[in-house]
Amino acid sequence: MTHPSHDHDELPPYKRGYACIDGEFIAAAQATVSIFDHSFLYGDGVFESIVCRKRRPFALQPHLDRLEASCRYLQLEQPYTAEQLADMVHELIGRNGLESGIVRIVVSRGEGYPVSDPRRALAPKVVITMQAQPAVKRDPAQGIRLAIASTRRIPPVCLEPRVKSNNYLNHIVAKLEAVAAGADDAILLDIEGNVAELPVANIFAVRGRVLSTPPSGAILAGITRATVFGLIESGAVGLGLSVRERQMSPYDLFCADEVFVVGTGTGVAFVSTIDGRVINGGVIGPVASAVLEAYEELLENGLEPAQPTAPSISEVGG
Ligand code: PMP
């Protein structure tokens, strides 16, 4: 596949290759959206990030299902079927010639008069991009240092957390707090003070052979989380583990044998400290290690994720 740009190597990696805008493939470095786009102006849009290995998108269908649900919730009528979007994703991966990476599908309300009335946007815009991963190379032996943010996760009565919208300010403010505290990332509590999630990942705590993770109500219960449920329940992780959804307070994290976080961009990553408290001696534990290995194996072999018995992806909105 010829490359769209001669000065390819001078471009920052995220701008290389092709992007797909409304079904047309163009050089990502030249691709633009309008300054009157309502996603740019108001965050009025939704997105999905999909991990790719060996030129294959992982769990594409659950991602397309969640995208469709997010669009429906926001009454955002984008014109493509799931099959058409899947074809575009596959073509983009092929054109960009990347073995692995992250594909991002963004649906915006589209361009229109700059007023926060969705009816003034003319037509939704669908943009698909692909980046070689990872954006930040993390040493897997180095755990993630977390800080509990004072910023709480926006509750469902204010904005439904299952919608993966283009408005990430809640998450970004929490992240800024964590960075200011010298940590890598934030834990957001829900409005009641229960552990909710990270800005872009879900969290698990291990005690003995039991994994606990917050229930789906106040979080974006992710596809990686559902995949981990499936890997545990199918026995692929081994170790006689079981997993349950339950409310947790920071106490449960501080007292856990291990804590790890999961997400499309994050993969499976162990947590070394929370608010400066060292978890499992600051090293990866046997459970996080086994989950990481089973997840990597699943990605590498391009298998469909084992079907979780509970909760199903539709139940968790993941
Ligand atoms: N929570 C939030 C708020 C996220 O943005 C993400 C990343 N999509 C996740 C959790 C993890 O979800 P997934 O495993 O589907 O990437």
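Scope of this entry: the structure provided in the associated data block.

Calculation criteria
- Residues numbered from 1 in each chain as written.
- Predicted model: local features only at pLDDT ≥ 70, side-chain atom pairs only at ≥ 80, totals over all residues.
- Heavy atoms only, no water.
- Buried < 20%, exposed > 50% of the residue type's maximum accessible area, 1.4 Å probe, protein only.
- Helix = DSSP H or I, 4+ residues; strand = E, 2+ residues; numbered from the N terminus.
- Pairing = 2+ DSSP bridges.
- Contact = heavy atoms within 4.5 Å.
- Axes fitted to C-alpha atoms, helices over the stretch in contact; angles between N-to-C directions.
- Phe/Tyr/Trp six-rings, centres within 6.5 Å; stacked < 30°, edge-to-face > 60°.
- Lys NZ or Arg CZ within 6 Å of the ring centre and 35° of its normal.

1. Some points on the pairing of strand β1 (residues 18-21)
Line of reasoning, step 1. Every second residue of β1 is oriented toward a common face, with Y18 and C20 on one face and A19 and I21 on the other, all of them buried.
Line of reasoning, step 2. Relative to strand β2 (residues 24-27), β1 runs antiparallel, the two being bridged by four bridges. Across the sheet, the residue bridging to Y18 is A27, located in β2.
Line of reasoning, step 3. If you look at the hairpin formed by β1 and β2, you'll find two residues sitting between the two strands, and D22 has a positive phi there, around 45°.
Line of reasoning, step 4. By the bridge criterion, two bridges tie β1 to strand β6 (residues 125-131) in an arrangement that is antiparallel.

2. Here we look at the sheet that holds strand β3 (residues 45-53)
Line of reasoning, step 1. Read across the open sheet, the six strands follow the order β2-β1-β6-β5-β3-β4; overall the sheet is antiparallel. Looking along the sheet, the strands with just one partner apiece sit at the ends: β2 and β4 (56-57).
Line of reasoning, step 2. Taken strand by strand, helix α2 (residues 60-73) contacts β3, β4 and β5 (101-108), and its axis lies near 175° from that of β3.
Line of reasoning, step 3. Across the sheet, helix α3 (residues 82-96) touches β1, β2, β3, β4, β5 and β6, and the angle it forms with β6 is around 35°.

3. Quick word on the packing of aromatic side chains
Line of reasoning, step 1. By the definition in use, this model includes four aromatic pairs.
Line of reasoning, step 2. Their ring planes at 5° and their centres at 5.1 Å tell us that F204 and F260 sit as a pair that is stacked. Of this pair, F204 sits in strand β10 (residues 202-207) while F260 sits in strand β13 (residues 258-263); the two residues are 56 residues apart in sequence, bridging distant segments of the chain. Taken as a pair, F204 and F260 share a single burial class, namely buried.
Line of reasoning, step 3. An aromatic cluster is built from F204, F229 and F260, whose rings are joined through pairwise contacts.
Line of reasoning, step 4. One Lys or Arg, R277, reaches over the ring of F254 and ends 4.0 Å from the middle of that ring.

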